[in-house]
Each structure stands twice: as C-alpha cells, then as structure tokens.
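Topology and contacts: notes
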Amino acid sequence: MRTRDPWPVDLVLRRDLVRRGMRLTAPRRLILAVVRDADRHPTAEWVHAEVRRRLPRVSLATVYRNLRLLARHGLLTEIHQGPSVRFDGRVDRHHHFTCSACGRIFDLAEPVNARLDARVAARTGFRVSHHRIEFYGLCAGCLAGRGRGGRRRPRLAGTRSSHT
Ligand SMILES: [Zn+2]
Ligand SMILES: [Zn+2]
C-alpha cells in the first residue's frame, strides 16, 4: 500500500461521496479506505483500532456511525452474522465463506447464480430481488493448524496492514 500513490484512491472516494451528497471528512475517508483495504470483513472495533492509528481522537461511536452511514449510502455492505455486524468494502453481490474456527469471512469467486432467482420467481410468482448462500467450514489456515489461537485475532496474512 505504501508504494501506491494515495491520491487516486482519494479521488475515487471523494467522487463516490460527493455523488451521494456526503462530505469527505477525514475520519469518513479513512474509515472507508480501511474497510475497502481490509480482506477480512472487519468489525467496527477492528476498523476503530486501525483508524486510531492515524486519527487517535476518533471514537468508536463515530466510527460506527460512519460505517452505518456509508453502508446506507451503498458504499459499504453490512454483514449481519448472529449478534455481530461486520463490514464489507465490496458492494457487488458475492458469496462468503465463514471459518467456524477462526471466524474470518472470505470472499468467494464462485459466481452468483441469477437463474436461481428466476426459477424461484417462476415457481412462486414472487418478485425475487436476490438470494444469499452462505458457506461454512474450516479455512486453509485453520486446516493447516494455524489461526486457532484461542481468542487471538487471526494473523493478517496477505493483508496490507498499511495504516500506520
Ligand atoms: Zn480459519
Ligand atoms: Zn465480502
């Protein structure tokens, strides 16, 4: 990440926000960038910890409020999983795999089957907007014996933890 020029990203974010009538405040811009860069579908707490490395005075409440706002404007997706809420930088439809051991959520390349919507619509007479299929099991890291370290956060293998 450090090797990449930050300005193009900023310009894209600014365009996205302005198009939705939102101001590009520093916390908002950073929150959006953190979620989009994370490969882990983070919780608000995780985003808060990352954001505070750059903006130490930002509260969890502010982070949470902005996450909800960004999600409401279609810039992020909220994932509700049991009692916890996670956030996804991707807003296109895609499937998730949740590891039952480490709790990480992975994006799958498996294409979303639009014909399923059409089939259900044809059989029921309902209008189907979309469907969700969730996959569960053990991720490759946990299968290899890594990632099970109790309450510890899974290691950010492959994640550019760049927000320093
Ligand atoms: Zn795992
Ligand atoms: Zn996702």
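Let's talk about the overall build of the chain
In terms of helices and strands, the chain carries six helices and five strands. Of the regular secondary structure in the chain, the N- to C-terminal order runs α-α-α-α-β-β-β-β-α-β-α. Sorting the 164 residues of the chain into buried and exposed places 16% on the buried side. Sequence-distant contacts in the chain: of pairs separated by 6 or more residues, those separated by 24 or more amount to 52%.

Quick notes on the sheet that holds strand β5 (residues 134-137)
Taking strand neighbours across the sheet as the criterion, the three strands line up as β4-β3-β5 in an open arrangement whose pairing is mixed. Sheet topology places β4 (105-107) and β5 at the edges, where each strand pairs with a single neighbour. Adjacent strand axes in the sheet meet at a mean angle of 25 degrees when their direction is disregarded. In the sheet, strand β3 (residues 96-99) pairs with β4 via three bridges, with the strands oriented antiparallel. Residue pairing across strands places Phe 97 opposite Phe 106, the latter belonging to β4.

Observations regarding the confidence of the model for the chain
When pLDDT is averaged along the chain, the result is 82; 83% of the residues meet or exceed 70. Across the chain, helix α3 (residues 44-52) holds the top mean pLDDT of 96, while helix α1 (residues 6-19) sits lowest at 68. pLDDT under 50 marks residues 1-7. Its contacts with residues more than four places away, or in other chains, come to four contacts. Low pLDDT (under 50) marks residues 149-164, which in the prediction has 20 contacts with non-local residues, meaning those over four places away or in another chain.

Re unusual backbone geometry
Even without being a glycine, His 41 presents a positive backbone phi close to 55 degrees. Note that His 41 resides in the loop between α2 (26-37) and α3. For His 41, a count of 22 C-beta atoms within 10 Å translates into the label buried.

Points about helix α5 (residues 114-124)
Taking burial as the measure, the 11 residues of α5 include zero buried ones, a minor fraction of the element. The first or second residue beyond α5 is Gly 125, which carries a positive phi of 80 degrees.

Details of the packing of α2 against α3
The interhelical angle for the contact between α2 and α3, taken along N-to-C directions, is 120 degrees, at an axis separation of 10 Å. Looking at the two axes, α2 sits oblique to α3. Crossing angle aside, the handedness with which α2 passes α3 is right-handed. Counting all contacts with α2, which are made through Pro 27, Leu 30, Ile 31, Val 34 and Val 35, the residues of α3 involved are Val 47, Glu 50 and Val 51. Its residues placed into classes, the contact of α2 with α3 shows seven nonpolar, no polar and one charged.

A few points about the packing of α3 against helix α4 (residues 60-72)
For the pair α3 and α4, interaxial distance at closest approach is 9 Å and the crossing angle is 115 degrees. In the crossing of α3 with α4, the sense of the turn from one axis to the other is right-handed. Contacts between α3 and α4 involve Ala 44, Glu 45, Val 47, His 48 and Val 51 on the former and, on the latter, Leu 60, Val 63, Tyr 64 and Leu 67. Counted by class, the contact of α3 with α4 contains seven nonpolar, one polar and one charged residues.

A look at the pairing of β3
If you look at the hairpin formed by β3 and β4, you'll find five residues sitting between the two strands, and Gly 103 has a positive phi there, around 85 degrees. As defined by bridge partners, β3 adjoins β5 across four bridges and the pair is classed as parallel. By the bridge assignment, His 96 is partnered in β5 with Glu 134.

Some thoughts on the environment of Arg 14
Within the element layout of this structure, Arg 14 appears in helix α1. Note on Arg 14: 14 C-beta atoms within 10 Å, which makes it partly exposed. Between the alpha carbons of Arg 14 and Leu 24 there is a distance of 6.1 Å; along the sequence they are 10 residues apart.

Scoring rules and cut-offs
- Residues numbered from 1 in each chain as written.
- Chains lettered and ligands numbered in written order.
- Predicted model: local features only at pLDDT ≥ 70, side-chain atom pairs only at ≥ 80, totals over all residues.
- Helix = DSSP H or I, 4+ residues; strand = E, 2+ residues; numbered from the N terminus.
- Buried ≥ 20, exposed ≤ 12 C-beta atoms within 10 Å, placed from the backbone.
- Contact = placed C-beta atoms within 7 Å.
- Pairing = 2+ DSSP bridges.
- Axes fitted to C-alpha atoms, helices over the stretch in contact; angles between N-to-C directions.
- pLDDT = per-residue confidence, 0-100.
- Parallel < 35°, antiparallel > 145°, perpendicular 65-115°, else oblique.
- Left-handed = near helix turned anticlockwise from the far one by under 90°.
- Nonpolar A, V, L, I, M, F, W, Y, C, P; charged D, E, K, R; others polar.

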